[in-house]
Amino acid sequence: MDEDFRKAALDYHRLPRPGKLSIEPTKRMATQRDLGLAYSPGVAAACMEIAGDPSKAYEYTTRGNMVAVITNGTAVLGLGAIGALASKPVMEGKAVLFKKFANIDSIDIEVEERDPERFIEAVAVLEPSFGAINLEDIKAPECFEIERSLRARMKIPVFHDDQHGTAIIVAAAVRNGLLLQGKQISDAKIVTSGGGAAALACLDLLVEMGARRDNITVCDIEGVVYEGREVLMDPYKSRYARATNARTLADALPDADVFLGLSAPRVLKAEWLPGMAPSPLILALANPEPEILPEAVRAARPDAIVATGRSDYPNQVNNVLCFPFIFRGALDAGATTINEEMKVAAVEAIARLARVEASEVVAAAYGGQAPIFGPDYIIPKPFDPRLILEIAPAVARAAMDSGVATRPIADFGAYKRELERFVFRSGDLMRPVFAAARNAGHRIAYGEGEDERTLRAVQTVLDEGIAEPVLIGRREVITEKVRGMGLRMDLEGSVTVIDPGVDTELTEALLPIYEAKVGRRGIPPDAAARSLRTRPTVAATMLLETGRVDAAIVGGTGEWMTHWHQAFDIVGKRPDVGRVYAMTGVILPAGALFFVDTHLLVDPDAEQVAEMTHLAAEQVRAFGATPRVALLSHSSFGASDAPSARKMRRALKLIQERDPTLEVDGEMHADAALEPAIRDRAIKDGRLTGSANLLVFPNLDSANIAYNLLKAAADGLQLGPMLLGMRKPVHVMVPTTTARGIVNLSALAAAHPG
């Protein structure tokens, strides 16, 4: 890694507090009674229940949702045997992935023990504490015996992800790659570069799925694994020793249908590729540099399908595609192990997901570009929101069918709905938006280019590959601030700086267009010229209007309404809407809530409430989420005949007439919108399922107060305001918008520019 990235990584781990994990209580502890229930004497009741029936631990403790990530630090990433303590950042990171992708609580445990038997003893005695064990970064061949022994001794899943997680993704890629190439796995000739834990686990799973051992040739650092070889051999590798005259990778490759690389950079040479079978499948999975680069494969073998471990190429083989969701399904079914049937079920779920047509929700999550099964899409993308919804139930069902589930799932429909509610919580809301933005390649103009928040955000936008930034401001001021803040952006390359007061050629080209737009709005020609030179919102929005950029982020200083009017005078509203509205999101640990209208329309009528609801629902769908709409009021389902209550009741009728499929109800109290139990007590024929995520208010005061109050009280991350109904994508920031908020708005603008 380069020095700048290294420093950024160190700051990420160090600030604002060391590490990537913390422990948060799940129960209230505000009174003496709470303390008595949580600890002595109340805790004794739970202890005695578990003593009488050990399965009650899953009912009264976190065990059923707790995974231990355990290592001895003998094979950490590509760093080797750096030791248990030095491996801790990696293990913390794995624990974070469990939480973020599958809502599984996880503790990292680093054991300083190289002796396999002693390590096995150390792990085995932890069984009462956890629902499953994830072994990580343990070197071969010891990892095989460690996992085998622990699986035999422990009655909870023990899973070495370096082996089996990689194997599951590879098997899914092979399944779909061979399908596209018109080949059968039983006929495929497979050659590997790499004879370690991951490679052997991949081969074992492929054999389980129908590959023949006599069609497999393993190569490692010593060459081909052949019968009679003695150097660098062990019982696990010996299972794949073949009677063959081939001694090198080049010898083994002719007529191969599949190359599987889990070894080192540049070991596969382009000149060897013509000798492979027609339409080969090449999985070059060494990281960060693969065994061969995809462009070299395409030049030598245009008929090949290529997968790597990297995110900047198609078909990324990444363990995060499966391990969180396999554990999710195993834990939820109370599995005593993760067996071959469960692994194969995960393979088939992943492979099937790549083949099925993407739903509208998934297409929206990826900026409207639904992935299509083909040579550049043989496995799902890591941020596909459907992964947990497909893999976890498939694994749970396989656990039940194979007889290892102790808590079988009775209603898989309800189970999938529960998983779906988790998918779009917190940062999960933005993950697919970021992925879509990276694929779009759009340019964004930032009106306040001299603002330090903007500059920090733009650095992240560049690092994440979200967009090509265009900064509006004085070139010398921006240059000095970038230098003083230690930012890495290239103001002569990756970032464009436009100074309207100096770049007269550009302003002269824009001025006639701007004059035509505002000349009949009380702005004479001399004032128009002055505004274009001195008001960055005007300049940024004119760049958008004339097609020089694809989106604009403006405001953040001074009066919000001033920036709004400047932008609206230039861009205007969509021709199919009556007004423009503002929606603001608040991202909370428990999920995201959207509030409308928070900034523009002081007292909308029923027709406008209905229109803003439809536009807001459209925007929520753009996040890949299903809108569940609550029309809020002081009145609860007809309890008041006040004008505002009557307005919300009429709005409900208008909304339902226009879109009968939209999940919407009201008028209702705010607590009823978020708590189904409260709503059910008020009315029995409610149209909402679960908690609402889109809250529509009777007037601007209530909407603005509500979102600001919740944001401050719950330490929520603000998203927006997002302008609904604008003809082109422009977002006006409020003064409290943070750098991270600007990054989120940038991703939103780049992912959904029109």
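That block above? That's the structure.
Colleague: Tell me about the sheet that holds strand β12 (residues 468-472), and please be specific about residues and values.
Modeller: A sheet is described by the order of its strands in space; here five strands give the open sequence β13-β12-β11-β14-β21, paired in parallel fashion. Taken across any chain shown, the strands that pair with only one partner, and hence form the sheet edges, are β13 (496-498) and β21 (730-733). The mean angle between the axes of side-by-side strands here comes to 20 degrees, regardless of whether they run parallel or antiparallel. Looking at chain direction, β12 and β13 are connected through three bridges and run parallel. The residue of β13 that forms the bridge with I472 is I498. Here helix α19 (residues 452-464) sits on the sheet in contact with β11 (443-446) and β12, set at roughly 165 degrees to β12.

Colleague: Outline the pattern of salt bridges, supporting the account with residue identities and numerical values.
Modeller: Scanning the model with the defined rule gives 42 salt bridges in all. For R153, the salt bridge identified is with E121, shortest N-O distance 2.6 Å. Taken as a pair, R153 in helix α7 (residues 142-153) and E121 in helix α6 (residues 116-124) lie far apart in primary sequence, 32 residues in all. Using a relative accessible area of 39% as the deciding quantity, one classes E121 as partly exposed. With its nearest N and O atoms 3.2 Å apart, the salt bridge here joins K517 to E545. Of the two residues, K517 is situated in helix α21 (residues 504-518) and E545 in helix α23 (residues 536-545); the sequence distance between them amounts to 28 residues. On the basis of relative accessibility, which here comes to 16%, the residue E545 falls in the buried class.

Colleague: Before we move on, could you go through helix α29 (residues 700-713) and cite the residues and values that matter?
Modeller: With 14 residues, α29 should cover 20 Å at 1.5 Å per step; its first-to-last C-alpha distance of 20 Å lies within 8% of that length. Along α29, the residues that are buried comprise L700, A703, Y707 and K711. Looking down the long axis of α29, one finds its buried residues gathered within 75 degrees of arc, a one-sided arrangement. More than 90 degrees from the buried face of α29, the exposed residues found are D701, I705, L709, A712 and A713. Looking at the buried positions of α29, the neighbouring elements they touch are β15 (581-588), β16 (591-596) and β20 (717-724). Regarding α29, its N-cap is N699, as a side-chain oxygen of that residue lies 3.3 Å from the backbone nitrogen of D701 further along. Remark: D715 follows α29 within two positions and exhibits a positive phi of approximately 55 degrees.

Colleague: Can you break down the environment of V577 residue by residue, with the values?
Modeller: Positionally, V577 belongs in the loop between α24 (560-571) and β15. Relative accessible area serves as the criterion here: at 6%, V577 is assigned to the buried category. It is 28 Å that separates the C-alpha atoms of V577 and A670, two residues lying 93 residues apart in sequence. When near neighbours in sequence (up to four residues on either side) are disregarded, V577 contacts E611, L615 and G725.

Colleague: Give me the lowdown on the pairing of β15, citing residues and values where you can.
Modeller: Counting buried residues along β15, eight of its eight residues qualify, which places the element largely inside the surrounding structure. Side-chain alternation along β15 places Y581, M583, G585 and I587 on one buried face and A582, T584, V586 and L588 on a second face that is also buried. As judged from the six bridges shared by β15 and β20, these two strands associate in the antiparallel manner. Across the sheet, residue Y581 finds its bridge partner in β20, namely L724.

Colleague: Pulling in residues and values, what's your account of helix α14 (residues 340-355)?
Modeller: Because each turn of an α-helix spans 3.6 residues, side chains separated by three or four positions end up pointing in the same direction. End to end, α14 covers 23 Å across 16 residues, agreeing with the expected 22 Å (1.5 Å per residue, within 8%). Listed as buried for α14 are M342, K343, A345, A346, V347, A349, I350, A351, L353 and A354.

Colleague: Quick rundown of the packing of helix α25 (residues 606-622) against helix α26 (residues 643-658)? Include the residues and the values.
Modeller: Remark: α25 packs on α26, axes separated minimally by 8 Å, with the N-to-C direction vectors making an angle of 50 degrees. Here α25 lies oblique to α26, going by the angle between them. For the element pair α25 and α26, the recorded crossing hand is right-handed. Between α25, through A606, E607, V609, A610, E611, T613 and H614, and α26, the contact on the second element is made entirely by K647, M648, R650, A651, L654, I655 and R658. Residue composition of the contact of α25 with α26, by class: seven nonpolar, two polar and five charged.

Colleague: Account for the environment of D603, naming residues and giving values.
Modeller: Note on placement: D603 falls in the loop between β16 and α25. Residues D603 and D701 lie 98 residues apart in sequence; the distance between their C-alpha atoms is 8.6 Å. Setting aside chain neighbours within four positions, we find D603 in contact with K647, P698 and N699. Looking at D603, its side chain comes within polar contact range of the side chain of K647, at 2.8 Å.

Colleague: How would you sum up the nonpolar core? Please name residues and give values.
Modeller: Side chains that are nonpolar tend, in soluble globular proteins, to be buried together. In this structure, I133 and L283 are the most contacted members of the largest nonpolar core, which totals 102 residues. The element best represented in this core is helix α16 (residues 387-401), accounting for 10 residues. Counting residues in hydrophobic clusters, the runner-up holds 65 residues, among them M430, V458, L748 and A751.

Colleague: Just give me the short version of the environment of T496, but keep the residues and values in it.
Modeller: Mapped onto the secondary structure, T496 falls in strand β13. By relative accessible area, which is 29% here, T496 ends up partly exposed. Along the chain, T496 and R212 lie 284 residues apart, while their C-alpha atoms are 57 Å from each other. Ignoring sequence-local partners within four residues, the contact set of T496 consists of R443, P469, V470 and L471. A distance of 3.2 Å separates a polar atom in the side chain of T496 from a polar atom in the side chain of R443.

Colleague: Describe the packing of aromatic side chains, naming the residues involved and giving the relevant values.
Modeller: Inspection of every chain in the model, using the stated rule, returns nine aromatic pairs. An angle of 85 degrees between the planes, with centres 6.2 Å apart, marks the rings of F412 and Y415 as edge-to-face. You can see F412 and its partner Y415 sitting in helix α17 (residues 412-423), three residues apart, about one turn around the helix. Of the two residues examined, F412 and Y415, each falls in the buried class. Taken together, F98, F159, F323 and F327 form an aromatic cluster joined through their ring pairs. Over the ring of Y240 we find R213; its NZ or CZ atom is 4.7 Å from the centre of that ring.

Scoring rules and cut-offs
Residues numbered from 1 in each chain as written. Predicted model: local features only at pLDDT ≥ 70, side-chain atom pairs only at ≥ 80, totals over all residues. Heavy atoms only, no water. Pairing = 2+ DSSP bridges. Helix = DSSP H or I, 4+ residues; strand = E, 2+ residues; numbered from the N terminus. Axes fitted to C-alpha atoms, helices over the stretch in contact; angles between N-to-C directions. Contact = heavy atoms within 4.5 Å. Salt bridge = Lys/Arg side-chain N within 4 Å of Asp/Glu carboxyl O. Buried < 20%, exposed > 50% of the residue type's maximum accessible area, 1.4 Å probe, protein only. Expected span 1.5 Å × (residues − 1). Arc of directions from axis to C-beta. Polar contact = N/O pair within 3.5 Å; in protein donor to acceptor, adjacent residues only side chain to side chain. Parallel < 35°, antiparallel > 145°, perpendicular 65-115°, else oblique. Left-handed = near helix turned anticlockwise from the far one by under 90°. Nonpolar A, V, L, I, M, F, W, Y, C, P; charged D, E, K, R; others polar. Core = buried A, V, L, I, M, F, W, Y, C linked by side-chain atoms within 4.5 Å. Phe/Tyr/Trp six-rings, centres within 6.5 Å; stacked < 30°, edge-to-face > 60°. Lys NZ or Arg CZ within 6 Å of the ring centre and 35° of its normal.

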